[in-house]
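One-letter residues, chain by chain:
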Amino acid sequence: MLRIRIRERIRRIHTDDSPASMSATAGVASMALLALHELGSSIYTGLGWLVDNTLTMLVMTAGLAALLVLAYVPALLLAFLPIRLPRIWLSVVIVMMSTLPFVFTYANMKWLWGGILLTALLCIGGSSVGGFIYWLLHRPRTVYSRAMLAVCGVILTVLGYLAVAASGLQTSTVRGEMTVIEPSPLAGLTDPSEPGPYEVTTLTYGSGTDRFRRAFGADVDLVTEPVDASAFVTSWKPLRTWYWGFDQHELPINGRVWLPQGEGPYPVVLIVHGNHTMEDFSDVGYGYLGELLASRGFLAVSVDQNFVNYSVLSGLPNDDYILRAWLLLHHLQAVDKLSQAPGTVLSGKADLSSIALIGHSRGGQAAALAAGYEAYFTVADKEQYLTGLDYDITSVVAIAPTDKKLEERNLRLNDVNYLVLHGANDSDVSSFDGERQYNRIVYPTAGSEPLFKSALYIDDANHGQFNTAWGRMDIKLPLRWLMNQREIMPGEDQRKIAKTFISAFLEATLHEKREYAPLFRDYRLGGHWLPDTTMRQQYTDTEMITIANYQEDSNQDTGSGRGVTLHGEGLSRWEEADLKNRQNGSKHNRVALLGWSSEHEDVQEDEEKAGSEEKSGEEGGKRDTGTAAAYELKLPQGMSARLSTASELVLALAPATADGPELDFSIVLADADGATATLSLVEAAEQLKPLLTNRFLNGGPLNRWIKNGRLQPSSEIVLHDYRLPLAAFAEQSPALDPARIVSIRLVFDRTPGGELVLDNVRWQP
């Protein structure tokens, strides 16, 4: 009897599904296929596009078949209800809502509710598309059919509005324009992003046994010995071994080389990728850098570390950050041996006394870790792994690097040239983590040799386009559907910026062409080389004289330079605090937070008298500097002795909020004889730049459900150096003696209120 009833219910499953509901079911299924396509296309095999696409088709076919089969379970249960329902459509929706949210949560969503909301929108959108197409093709004549067509149309219109207007497919901010400073001291130099005078030879070194890439397999030019990392890499999945054909006991040393044609030797530059799907090879994505650098006289190598990267099937090996740095040192050893071996194409070509490491993402942290290998491996009690790996690194370039704490500490580097580039639209490493490493680099032996560090935060740039193989999509399933690509600059422009700064940096630090150094003090001097965008830039060198960087102690009355004292007057906010990043984590940098308001002026007179004095003191849009809030840095005599009218006062500044008014203030310099000169920030340098804001996603309310909240808020406080020429102050007051300046006073008289971040007050002699 029960069997008969079940058969009867099975026959009833389809009876109440009309052609219109089946069309809606097809729409929902198409949304499922879209999600399955995303899932399948994110699984790389490394066996070529044909195998990868075949796998994607299999995932889509199997997934859709599973969806339809599973849908019969709720459909059968619904058949027992004494209600007429479109059971197939409803069952497909139930299965979608029961499965996809967990896939989305696993991939990128922080909360299950975010995955549920996104899945619900897919179901509603798919159903509406299917229903709209059905009713449109059947030329509705009845009131019901016309109403259904209208309902589907309204739903699609609302969803379209949410996607395009409310969620911001249009750009959310006005893009800044590049300002070119002319005349520029760089005007007579060759564009560092353009090829140099050398012809370039390409070759590879490697194991000679690579099963996927002939360049490291049968067609390899120079064979290298594998290295054994099993002493500290203990987690290496069997699937990873099966795929690559080796485990942690025999890791290959594979590299793509761009070699200048000439006698040599040439400075050695290693370029290393970061974490990406291991089957989607990343080392090929820096050919644009390797070719350029070799043409300008550098021996450039793109290092293969794909076998260290993440895999959907085998995860990551343990200690992968350490492994990446350790492998870089072994690549230097391999290049060293090949250069010393007679009769090879690299014989005598490598100058291992002049080395630069360039790393992207996790590779950027690995490059810094390799440069500070002695400090890290000593703390980690792993000195034994460094046998034969004694190489001094001259320069480090970090492209959108991570900055993960290892061995319960963050790496600190001393006496190294450092350049970090990061995109404001980076939705992978969404906080400016490389700025943390920048802040931790110090020069305790300042003056022994010219060294500098520079940080560049680039509007419109993302994470992936620094590598030609990674592209515009920093986030995969499912959020790449929602990525706001309109605010991401073209890849060629992004790589043009990378080529310009990296090439100039290596010319300045390895080829010792110091004439390129002004580019890192003010990018606008190279505006004739660069695409049209804005940047935030910081710079420090061993010649600069630090007045206050707020790192020395928690006493807000003392500066960093010996004998420097700090004073505040009438400020609504004055504190020294740790600067926070986008996720409210530490930037490893103490700064001064200054706020002022006309309501908080520390004026002793009554309101009527104060108002009268303020009115009488107004001139050119400012109040009397004697009554306005102020922040003063008092210097000991002799601290400014090296200064002249060719020197500069450098302030690292940023607004404290993204939505405040444009801020300006006066800078008053006074010397020991009482002579003063006053200029506003705008007059002496430029308008205080607003915080760069961006909309990573077009997801509206979905944005706050991204895993770890990494894409919120829409802006991050990033400091920018403002360079105030003392010549401008001397022109305003010829009596001022730059070599005898004893006071720097910031007077907040130009705008009635505001808050800003101040850091790294320095002299540039």
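Use the structure listed above.
Counting restarts for each chain, with residues numbered from 1 along the sequence as it is written. pLDDT decides what is reported in this predicted model: residues at 70 or higher carry local features, side-chain atom pairs at 80 or more are listed and counted, and totals for whole chains, interfaces and linings draw on all residues regardless. Only heavy atoms go into the side-chain values, all of them from the structure, while hydrogens and water stay out.

Description of the packing of helix α9 (residues 320–340) against helix α10 (residues 362–371)
A fitted line through C-alpha atoms serves as each axis, taken over the contacting stretch for helices, and the angle formed by two N-to-C directions is quoted from 0 to 180°. Put simply, DSSP marks the helices as runs of H or I at least four residues long and the strands as runs of E at least two long, and each gets a number from the N terminus on. Between α9 and α10, the least distance of the axes is 8 Å, while the angle of their chain directions is 60 degrees. Accordingly, the angle class assigned to the pair α9 and α10 is oblique. The handedness of the crossing between α9 and α10 comes out as right-handed. Of the residues in α10, those in contact with D320, Y321, I322, R324, A325, L328 and L329 of α9 are R362, Q365, A366, A367, L369 and A370. Residue classes follow a fixed rule: Ala, Val, Leu, Ile, Met, Phe, Trp, Tyr, Cys and Pro count as nonpolar, while Asp, Glu, Lys and Arg count as charged, and any other residue, Gly among them, counts as polar. For the contact of α9 with α10, the residue count by class is 9 nonpolar, 1 polar and 3 charged. When describing relative orientation, an angle under 35 degrees is termed roughly parallel and one over 145 degrees roughly antiparallel, while 65 to 115 degrees is termed roughly perpendicular and anything else oblique. Left-handed describes a crossing whose near helix is turned anticlockwise from the far helix by less than a right angle; the clockwise case is right-handed. Contacts between residues were defined by any pair of non-hydrogen atoms, one from each residue, lying within 4.5 Å.

A short note on unusual backbone geometry
In this structure, P183 follows E182 across a cis peptide bond, with omega equal to -5 degrees. Residue P265 is reached from G264 by a cis peptide bond, and omega for that bond is 0 degrees. Phi is positive for E512, close to 55 degrees, though the residue is something other than glycine. The residue E512 is located in the loop between α13 (491–509) and α14 (518–521) in this model.

What to know about the sheet that holds strand β17 (residues 666–671)
A strand pair is defined by DSSP finding two or more bridges across the two strands. The strand order across the open sheet built from 5 strands is β12-β15-β20-β17-β18, with neighbouring strands paired in antiparallel fashion. The open sheet terminates on both sides in strands that have one partner only, identified here as β12 (565–569) and β18 (676–680). Pairs of neighbouring strands in the sheet enclose a mean axial angle of 15 degrees, with direction left out of account. Bridge count between β12 and strand β15 (residues 630–634): 5 bridges; the pairing is antiparallel. Within β15, the position partnered with G568 by the bridge is Y631.

A few points about empty space enclosed by the protein
Both site types are read off a 1 Å grid over the protein atoms alone. A 1.4 Å probe that fits but cannot get out defines a cavity, while an open set with protein on both sides within 12 Å along at least five of seven lines defines a pocket; lining residues have an atom within 4 Å of a point. Grid points are joined across faces, edges and corners, and a volume is the space filled by probe spheres set on the points. Summed over the entire model, instances satisfying the criterion amount to 5 cavities of 30 Å³ or more. Considering only enclosed or pocket space, the largest cavity measures out at about 100 Å³ in volume. In terms of lining residues, the largest cavity is bounded by Q365, L369, Y376, D403, K404, L406, R409, N410, L411, Q437 and R440. Elements supplying a minimum of two residues to the lining of the largest cavity: α10 and α12 (434–440). For the lining of the largest cavity, the per-class residue count stands at 4 nonpolar, 3 polar and 4 charged. Around the second largest cavity sit 13 residues that line it, and R536, K689, P690, L691 and V718 are the ones nearest its centre.

Notes on the sheet that holds strand β10 (residues 535–541)
Reading across the sheet, the 10 strands line up as β2-β1-β3-β5-β4-β6-β7-β8-β9-β10 and stay open at both edges, with mixed pairing between neighbours. Only two strands of the sheet have a single partner each, and these edge strands are β2 (222–223) and β10. Pairing of strand β9 (residues 452–458) with β10, which is carried by 7 bridges, proceeds in the antiparallel orientation. Paired with I458 across the two strands is M535, which belongs to β10. Docked against the sheet, helix α8 (residues 287–295) engages β1 (200–206), β3 (255–260), β4 (266–272), β5 (299–303) and β6 (350–360), running at close to 30 degrees with respect to β3. Against the sheet, α9 engages β1, β2, β3, β4, β5 and β6, with an angle of about 145 degrees to β4.

Digging into the packing of helix α2 (residues 19–41) against helix α3 (residues 49–78)
Helix-helix packing is described using two parameters, namely the angle between the two axes and the distance between the axes. Contact pair α2 / α3: the axes reach a minimum separation of 8 Å and the direction vectors enclose 140 degrees. For the element pair α2 / α3, the angle class is oblique. Helix-helix and strand crossings are classified by hand; for α2 and α3 the assignment is right-handed. Here A29, A32, L33, L36, H37, L39, G40 and S41 of α2 come into contact with α3, specifically with T56, V59, M60, G63, L64 and L67. Split by residue class, the contact of α2 with α3 holds 9 nonpolar, 5 polar and no charged.

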